[in-house]
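As a plain string of letters, each chain reads:
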Amino acid sequence: MRRLVGLLAASALAAGLTTAFTTPAAVAVPAAAPAPFATQQAVGALPPMGWNSWNKFGCNINEELIRETADAIVSSGLKDAGYQYVNIDDCWAEHDRNAEGKFEPNHQRFPGGIKALADYVHAKGLKLGIYTSAGTMTCAQTMPGGLDHEDVDAQTFADWGVDYLKYDL
């Protein structure tokens, strides 16, 4: 299991996928940043702050909900308070991978695709997160897990502009 996690981490880094963790040398805090946001930027000061779709919506998600959530994080002042992640949990993908072995976003729930959604979230000054599992299926058994697809998944997420990965073991 430790080897699998290491391989996924190495694949993610090689593909350019970033995580919520930074090193002190990588931290840059704007001088005019409000105190709560500046506090979060200190390494380890706060956990990654954001929203995750699972607890409220389970599998009842779609791209409209994710866009509305990004809008609400900004308009409510949560972004100014340090919230930065909009995380899509389980049920975002088709039940089967495509012919190339890649994830496909659920065509009914996410007709614009994850890349367009990431672009929208980024335009709001936020970051997009996504979920997958280390097994053959995700927890809700609605989509394939990452087992034996770690490299292609890391590259796919990076290509889509995903900033954060929730990876269940």
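Located above this text is the structure these notes cover.
Just so you know, these numbers come straight off a predicted model, no measurement behind them. (Residues numbered from 1 in each chain as written. Predicted model: local features only at pLDDT ≥ 70, side-chain atom pairs only at ≥ 80, totals over all residues. Heavy atoms only, no water.)

Draft legend 1. Region of interest: the side chain of D89. Mapped onto the elements, D89 comes out in the loop between strand 2 (85-88) and helix 5 (113-123). Of the residues examined, D89 reaches a relative accessible area of 3% and is grouped as buried. Only 2.7 Å separates the side chain of D89 from the side chain of K166, close enough to count as a polar contact. Residues contacting D89, with those up to four places away along its chain left out, are N52, S53, W54, I61, Y131 and K166. (Helix = DSSP H or I, 4+ residues; strand = E, 2+ residues; numbered from the N terminus. Buried < 20%, exposed > 50% of the residue type's maximum accessible area, 1.4 Å probe, protein only. Polar contact = N/O pair within 3.5 Å; in protein donor to acceptor, adjacent residues only side chain to side chain. Contact = heavy atoms within 4.5 Å.)

Draft legend 2. View of the sheet that holds strand 1 (residues 50-52). Read from one edge of the open sheet, four strands run 1-2-3-4, paired in parallel fashion. The outermost strands of the open sheet, each flanked by one partner alone, are strand 1 and strand 4 (164-168). Each strand axis lies, on average, 20° off the axis of its neighbour in the sheet, ignoring direction. Bridging between strand 2 and strand 3 (residues 127-133) involves four bridges; their strand directions are parallel. By the bridge assignment for strand 3, V86 is matched with L128. In the packing of helix 4 (residues 63-75) onto the sheet, the strands contacted are strand 1, strand 2 and strand 3, and the crossing angle to strand 2 comes to about 160°. (Pairing = 2+ DSSP bridges. Axes fitted to C-alpha atoms, helices over the stretch in contact; angles between N-to-C directions.)

Draft legend 3. Fine view of the nonpolar core. I88, W92, F110, I114, L128, I130 and W160 are the most contacted members of the largest nonpolar core, which totals 22 residues. Listing elements by their share of this core, those giving two or more residues are helix 4, strand 2, helix 5, strand 3 and helix 6 (150-160). Setting aside chain neighbours within four positions, we find I88 in contact with S53, I61, I66, F110, I114, L117, L128, G129, I130 and Y131. (Core = buried A, V, L, I, M, F, W, Y, C linked by side-chain atoms within 4.5 Å.)

Draft legend 4. Looking closely at the packing of aromatic side chains. Applying the stated criterion across every chain yields a total of seven aromatic pairs. Seen in terms of ring centroids, F157 and W160 are 6.1 Å apart; in terms of plane orientation they differ by 55°. Their pairing is tilted. Placement of the pair is F157 and W160 together in helix 6, with a separation of three residues, close to one helical turn. The burial state of F157 is the same as that of W160; both residues are buried. Among the aromatic residues, those joined into a ring-pair cluster are W92, F103, F157 and W160. (Phe/Tyr/Trp six-rings, centres within 6.5 Å; stacked < 30°, edge-to-face > 60°.)

Draft legend 5. Spatial organisation of helix 5. Turning to helix 5, its buried residues number three or more, namely G113, I114, L117, A118 and V121. Contacts from the buried residues of helix 5 go to helix 4, strand 2, strand 3 and helix 6. In the segment just after helix 5, G125 is the residue with positive phi, at about 85°.

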